[in-house]
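Inside the fold
Letter by letter, the chains look like this.
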Amino acid sequence: MNRNLTLLTLVCILALSFALRFYHLTVNPPHLYLDEAAIAYDAHSINLTSKDQWGDLDPFLFRSFGDYKLPLYIYTVALSQRIFGFTDFAVRFPSALAGTLSVLFIFFMAKEIIWLAKDKFCATRFTWVNSAFPLIVALLLGISPWAIQFSRGGFEANVALLFHILGSTFFLMAVRKNYWLLPLAIVFFASAMYTYHSATLTGPLVLVVLCLLVVRELLAHKLQLLVTILTGLIVIAPYLPSYLLSAKGRVRFNSESVVHMPGNVLTNFTNNFVGNFTFDYLFFKGDQQGRHSVKKLGELYLWQVVFVLGGLFFLLKYRSKATVIILLGLLISSIPPALTRVSPHAL
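None of these values were measured; they are calculated from a predicted model. (Residues numbered from 1 in each chain as written. Predicted model: local features only at pLDDT ≥ 70, side-chain atom pairs only at ≥ 80, totals over all residues. Heavy atoms only, no water.)

1. Section: the pattern of salt bridges
Two side chains with opposite charge may pair up if their charged atoms get near one another. By the definition in use, this model includes 5 salt bridges. A salt bridge links Lys 69 to Asp 35; the nearest nitrogen and oxygen atoms lie 3.2 Å apart. Residue Lys 69 is found in the loop between helix H2 (34-49) and helix H3 (72-84), and its partner Asp 35 is found in helix H2; the two are separated by 34 residues along the sequence. Grouping residues by exposure puts Lys 69 and Asp 35 together as buried. (Salt bridge = Lys/Arg side-chain N within 4 Å of Asp/Glu carboxyl O. Helix = DSSP H or I, 4+ residues; strand = E, 2+ residues; numbered from the N terminus. Buried < 20%, exposed > 50% of the residue type's maximum accessible area, 1.4 Å probe, protein only.)

Printed below as a string of structure tokens:
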């Protein structure tokens, strides 16, 4: 596939993704849900007083309705409100935009993934994968039921997902092209942690996996590695006392934790973890929380089951660093919902 055709196809995919996320954005879903309203209120208060709705000035943790929200999505909504006014559209715009940009940047992430696996198949029998695979990945994310669902509401997790994709993409690009991109990758991973609670766990774990895969290359670029580490420490320093080291930061975990479920904690965690891979959840019913799915459709389309199983076979047959990233990424993404009382949990 030549470059012009690839670019045209990608533009069409982005146009479709944009339409699926922005068309009647304030009509479907029909109104703001509780967290969206809380975010809108805090963002409006920031614009008016530079303080939250309680009159407090803690830029890294918002009391909100007692669940202590992370700050980055609230700040993006505050900016959105300055442009679009105190409207429902302003609350959902950052998430819808992030959902569209995720489709774009997962295209580039897929190109990096293919590069990691090139010695296994791309240079021999499957040369078409180099150009077709990133487009297929972008299209599937663009039309994915769960991706559309969370892009059409003011979900912090959707913006955190974009930062995850950006962090992973720039990390892999750094290893392939320019190690001075590593500090930027760290900033994106840290941004995810400032956006949604589960990224506090998934971000560092994904980063550890990526580092272990290329540890020799990283150690050969000591100056860039040192700058990256210092950048990470500086960016994350305000986050630690406000979130990890404070009782306020633990409110969300304590209220949702698997520890508070009846029965054995390890058994509950295991059952929750496995629940994220059931056919019922993935292909038939999805998350039964009303704002997390349409309930009559799985997190994936039923026709994708053949490709999921085939893809797992393909990854294991042509084992590479790409196999490790994808499979461990799947497992890591299922840890946060396994730690909660309600699982499987699509958000």
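2. Things to note about the packing of aromatic side chains
As enumerated under the stated definition, the model contains 20 aromatic pairs in all. For the ring pair Phe 62 and Tyr 75, a centre distance of 5.7 Å and an interplane angle of 75 degrees mean the geometry is edge-to-face. Here the residue Phe 62 occupies a position in the loop between H2 and H3, and Tyr 75 occupies one in helix H3, the gap between them amounting to 13 residues. A relative accessible area of 2% places Phe 62 in the buried class. (Phe/Tyr/Trp six-rings, centres within 6.5 Å; stacked < 30°, edge-to-face > 60°.)

3. Let's talk about the environment of Lys 321
Here Lys 321 shows up in helix H18 (residues 321-333). Exposure remark for Lys 321: the relative accessible area of 31% places this residue in the partly exposed category. Sequence separation between Lys 321 and Trp 115 is 206 residues, and the spatial gap between their C-alpha atoms is 9.7 Å. Those residues in contact with Lys 321 that sit more than four places away from it in its chain are Leu 116, Leu 213, Val 214 and Glu 217. (Contact = heavy atoms within 4.5 Å.)

4. Describing helix H12 (residues 222-236)
Between its first and last C-alpha, H12 extends 21 Å over 15 residues, near the 21 Å set by a 1.5 Å rise per residue. Among the residues making up H12, those that are buried are Gln 224, Thr 228, Thr 231, Gly 232 and Ile 236. Viewed along the axis of H12, the buried residues span an arc of 110 degrees, placing them on a single side of the element. Every exposed residue of H12 that faces more than 90 degrees away from the buried side is listed here: Lys 222, Leu 223, Leu 233 and Ile 234. (Expected span 1.5 Å × (residues − 1). Arc of directions from axis to C-beta.)

5. What about the packing of helix H4 (residues 88-116) against helix H8 (residues 156-176)?
With their axes 8 Å apart at the nearest point, H4 and H8 run at an angle of 25 degrees to one another. Considered as vectors, H4 and H8 are oriented roughly parallel to each other. With respect to the hand of their crossing, H4 and H8 are arranged in left-handed fashion. Taken together, the residues of the contact of H4 with H8 sort by class into 16 nonpolar, 6 polar and 2 charged. (Axes fitted to C-alpha atoms, helices over the stretch in contact; angles between N-to-C directions. Parallel < 35°, antiparallel > 145°, perpendicular 65-115°, else oblique. Left-handed = near helix turned anticlockwise from the far one by under 90°. Nonpolar A, V, L, I, M, F, W, Y, C, P; charged D, E, K, R; others polar.)

6. Some thoughts on the side chain of Asn 158
Note that Asn 158 resides in helix H8. Note on Asn 158: relative accessible area 4%, which makes it buried. Side-chain polar atoms of Asn 158 contact the side chain of Ser 151, separated by 3.2 Å. Dropping the residues within four chain positions of it, Asn 158 is found in contact with Ser 95, Ala 98, Gly 99, Ala 147, Phe 150 and Ser 151. (Polar contact = N/O pair within 3.5 Å; in protein donor to acceptor, adjacent residues only side chain to side chain.)

7. Description of the nonpolar core
A general trend in soluble globular proteins is that nonpolar side chains are found buried together. With 58 residues, the main nonpolar core has Phe 171, Leu 172 and Leu 210 as its most contacted residues. Examining the composition of this core, we find that 12 residues originate from one element, H8, more than from any other. Counting residues in each nonpolar core, the second largest holds 8 residues, with Leu 70, Ala 190, Tyr 194 and Ile 236 among its members. (Core = buried A, V, L, I, M, F, W, Y, C linked by side-chain atoms within 4.5 Å.)

8. With respect to the packing of helix H1 (residues 3-22) against H4
For the pair H1 and H4, interaxial distance at closest approach is 10 Å and the crossing angle is 155 degrees. Viewed along their axes, H1 and H4 adopt a mutual orientation that is roughly antiparallel. Like other packed secondary-structure pairs, H1 and H4 cross with a definite hand, here right-handed. Where H1 approaches H4, its residues Thr 6, Leu 10, Ile 13, Leu 14, Ser 17, Phe 18, Arg 21 and Phe 22 are matched on the opposing element by Phe 89, Phe 93, Ala 96, Leu 97, Gly 99, Thr 100, Val 103, Leu 104 and Phe 107. Looking at the contact of H1 with H4 residue by residue, the class counts come to 12 nonpolar, 4 polar and 1 charged.

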